[in-house]
Amino acid sequence: MIENLVIVESPAKAKTIEKFLGKDFRVISSFGHIRDLAKKNLGIDIENNFTPTYEIPKEKSRVVSELRKLAAESKNVWIASDEDREGEAIAWHLISVLNLDLATTRRIVFHEITNEAINSAIQNPRQVDMNLVNSQQARRILDRLVGFEISPVLWKKVQPSLSAGRVQSVAVRLIVEREREIFAFETESSFRVTAVFEISSPGSENAIIKAEASKRFGDEKEALKFIDICKDSAYSVGSITIKPGTRSPAPPFTTSTLQQEAYRKLGFSVAQTMAVAQKLYEAGRITYMRTDSTNLSGLALTKARETIVSEFGEKYSKTRQFKTKLKGAQEAHEAIRPAYPDKHDTTGTLNEKKLYDLIWKRTIASQMADAVIEKTSITIDMSNSPVIFQANGEVIKFDGFLKVYAESTDQDNGDEERYVIPPVKKGMPLIYNNISASQKFTIPPPRYTEASLVKKLEELGIGRPSTYAPTISTIQNRGYVSREDRPGEKRNIKIITLVKGKVSTSLKTEIAGKEKSKLFPQDIGMIVNDFLIDNFSEIVDYHFTAEVEEQFDEIAVGNLKWTGMIDKFYKPFHKTVTSTLEKTERKTGVRMLGNHPETGEPVTVRMGRFGPVAQIGESANNTKPRYASLSKNQLLETITLDEALNLFRLPRSLGEHEGSEMIVGIGRFGPFIRYQSKFYSLKKGTDDPYTVTFDRAVEIINEKNESDKKKVLKDFGDIMLLNGRYGPYLVKEKQNFRLPKGTDAEKLTQEDCIKIIENSEKTKKNS
DNA sequence: CAGTGAGCGAGCTTCCGCTTGACTT
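Each value, and the rule that gives it
Residues numbered from 1 in each chain as written. Chains lettered and ligands numbered in written order. Predicted model: local features only at pLDDT ≥ 70, side-chain atom pairs only at ≥ 80, totals over all residues. Heavy atoms only, no water. Salt bridge = Lys/Arg side-chain N within 4 Å of Asp/Glu carboxyl O. Buried < 20%, exposed > 50% of the residue type's maximum accessible area, 1.4 Å probe, protein only. Helix = DSSP H or I, 4+ residues; strand = E, 2+ residues; numbered from the N terminus. Pairing = 2+ DSSP bridges. Polar contact = N/O pair within 3.5 Å; in protein donor to acceptor, adjacent residues only side chain to side chain. Contact = heavy atoms within 4.5 Å. Axes fitted to C-alpha atoms, helices over the stretch in contact; angles between N-to-C directions. Parallel < 35°, antiparallel > 145°, perpendicular 65-115°, else oblique. Nonpolar A, V, L, I, M, F, W, Y, C, P; charged D, E, K, R; others polar. Core = buried A, V, L, I, M, F, W, Y, C linked by side-chain atoms within 4.5 Å.

### Looking at the pattern of salt bridges
Throughout the structure, instances matching the rule amount to 40 salt bridges. Arg 337 serves as the salt-bridge partner of Glu 334, at 2.6 Å between the closest nitrogen and oxygen. Accessibility assignment for this pair places Glu 334 and Arg 337 in one class, buried. For Arg 362, the salt bridge identified is with Glu 407, shortest N-O distance 3.4 Å. With Arg 362 in helix α11 (residues 350-366) and Glu 407 in the loop between β13 (389-398) and β14 (429-441), the pair connects residues that are 45 residues apart, well separated along the chain. In this structure Arg 362 comes out as buried when scored by relative accessible area, which is 2%. One salt-bridge network, held together by shared partners, links Glu 86, Arg 139, Asp 143 and Arg 166.

As structure tokens, then:
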């Protein structure tokens, strides 16, 4: 017999709590939700007041039978799921599945994991709050209705296996709309004038002041004119302003801010951050990593304070508690922080160490004093022009939290340079060292990264800490968006320089539009997005979630009945579903690009069965249209007639080489030459399939054949020893086998090889 | 794995939010 059984959501939490509770208590975990709406069909009886059918998913059956067994053996069952909507629902499902009594089962919540907090929770049990449970049911049922009624419309009207949902469809919309802003963006340029001045008074040699003209110039002519004026001007210090200021540390990490900073500072993807954080959590090194709260427990505040005082001294410490600004935050957990703030280091993999270090610094910095800075700005007057130059400097008087950590931003601030302005007096004459006007181009709004998309979703109140990473995977898996790099394009910038009274003009090149790990919309994402905006504008509205959340809150406090709320939503929604099915045409994203310059046939692009395709001509009695797939990085929405026509130049024949034809084409893995039914890849960057010559093709074929010869180290008939990218390996019946570490490939006999293959097949079966 | 785009139709796909392993490369 177990005296007391406590059920929590997470197994790691169960372990730590059990230590505090003593031997009368057994603590186990439910591993999150144990029941969900039925997988098949809707799982909701719409005719019958939206009665849900819940079932225990197959993968949960083992946990549930274990829970049932333990609950039956226990005198008292305590349910300590998280203190939010989902946690309350988990409690209610547990009570129902474990056949407990709703009136007598003790519902408790821990706000932090300390002896005191846990014991006070045990002393103050309450009942399950059915209003909160109902608000969760409303949330769950609404999401199911939206997802499972709209998705089938997409299967019929766009393509099979697509999906739509309250969260994912808005995420896609953000990316599509950003891309269109970038298409529509018109780059402009202007000339920015910067100067380096020297202080001419004796004793202050080498002291320089970097400044920028208060005016920008529209074109080269104007800039040149101004530089000419500069040549003949005298300069002197105008006004001097010194402003004291402070900077404060950022709050401790939530899931969203951790994902952003881990991306910016460590280059982690959102999924990678969560996987590494999970490991740290399981090892007991950090608190729970899926949270929207910036709150720190009293214990954490004390420990952080002690650490700061002992490492940096009393004046670096400032205890702070941060309020969560976000609407809709549920704050069931603490912020993400080191479990033991006094431990600066951790064991584990390199990535675990890096992420722990980031969390430690952010947490500690949040409890440190403000930085005290002094901002100095001076103006520099010209003797022959009303234009002034402005110089900004900054001095850190006291570093405070900056000693440990400064938050990064999404913008690259290449231009911003902080430096110290040397002491100057009003009216002090200055001479220029150099003045230059350089062309600056305006830049379009930035594409989203995974992390900046999470930030935006969080601002809109869409999605939860536990779903940010999965949502980003989903929209990529559906093919709606893709994470890509772009090399960017070179462009020339003009620079006019004035040095020692001489004006010269030069050209520099810069790379514009270079992208790394950015989210790009794909054709199917744009088609689905437009279809949803046309037909389900309410659902993909940026405020939809916020509006339903308000109603869920009303349900949670008992002011609104969940069935009524759902009914009011569902009636018009379902009508829209039906009418969309009846009235709308299939959506293929078709675009007419123009007519073929020679034949006059129409040239169109659309989404075909195998992806985006260009088409010349129409299917009619005796004419068959010609087709060509769009290449990667081309979009239905932006491809031009010329680009589309270009696609039809491939595949093309290069002529016969030793009796066989060489064909050039572009396949799934890039450009290739087909020769004697073998494929030869063109070299990236050096060969272009449209222009590659006969001679070059022969060269590529010969090179590949040569290296293939070297590939075969030994040939035992059905088993071959080959040389691959990662060293020698064995091939048998199209299956690859690794050699055991330390094997000398040169000395392998046929028997050795057979043994290696047998062994590796055995271990495969055992695992 | 390298070039597909006709048409029919059975049976499948799909949501969001809680939690971790059990899988393969």
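Right, picking up where we left off after that structure.
### Describing the pairing of strand β10 (residues 208-213)
Of the two faces of β10, only the one carrying Ile 209, Ala 211 and Ala 213 is buried; Ile 208, Lys 210 and Glu 212 on the other face are not. Examined bridge by bridge, strand β9 (residues 189-199) and β10 share five bridges and lie antiparallel to one another. Its bridge partner lying in β10, Glu 198 is registered against Ile 208. Taken together, the two bridges between β10 and β13 define a ladder with antiparallel strand orientation. Residue pairing in the sheet places Glu 212 in a bridge with Gln 390 of β13.

### A look at the side chain of Arg 362
Within the local environment of Arg 362, its side chain forms a polar contact with the backbone oxygen of Pro 251, the two atoms lying 2.7 Å apart. When sequence neighbours within four positions are dropped, the list of residues in contact with Arg 362 reads Ala 250, Pro 251, Pro 252, Phe 253, Thr 257, Glu 261, Tyr 405 and Glu 407.

### Observations concerning the packing of helix α5 (residues 130-157) against helix α17 (residues 562-583)
Pairs of packed helices are described in terms of their axes, by the angle between the two and the distance that separates them. At their nearest, the axes of α5 and α17 sit 11 Å apart, and the two run at 5° to each other. In terms of axis orientation, α5 runs roughly parallel to α17. Contact residues: Asn 134, Gln 137, Ala 138, Ile 141, Leu 142, Leu 145, Val 146, Glu 149, Ile 150, Val 153, Lys 156 and Lys 157 in α5; Trp 562, Met 565, Ile 566, Phe 569, Tyr 570, Phe 573, His 574, Val 577, Thr 580 and Leu 581 in α17. Here the contact of α5 with α17 is composed, by residue class, of 15 nonpolar, four polar and three charged.

### Quick notes on the sheet that holds strand β7 (residues 74-79)
With parallel pairing, four strands are arranged side by side in an open sheet as β2-β1-β7-β8. Each edge of the sheet is formed by a strand with only one pairing partner; in this case those strands are β2 (25-29) and β8 (106-107). The strands that helix α1 (residues 11-21) touches are β1 (2-8) and β2; relative to β2, the one it contacts most, it runs at about 170°.

### Quick word on the sheet that holds strand β22 (residues 626-629)
The strands making up a sheet are joined through hydrogen bonds of the backbone, oriented either antiparallel or parallel. Sheet architecture is open: four strands sit in the order β19-β20-β21-β22, paired in antiparallel fashion. What marks the edges here is a single partner per strand, and that holds for β19 (591-595) and β22. Averaged over all neighbouring strand pairs, the angle between strand axes comes to 25°, with direction disregarded.

### So, the nonpolar core
Ranked by size, the top nonpolar core spans 139 residues in total, and within it Leu 142, Leu 154, Leu 355, Leu 453 and Ile 566 carry the most contacts. No other element matches the nine residues that α5 contributes to this core. Residues within four places of Ile 566 in sequence aside, it is in contact with Phe 50, Ala 138, Ile 141, Leu 142 and Leu 145.

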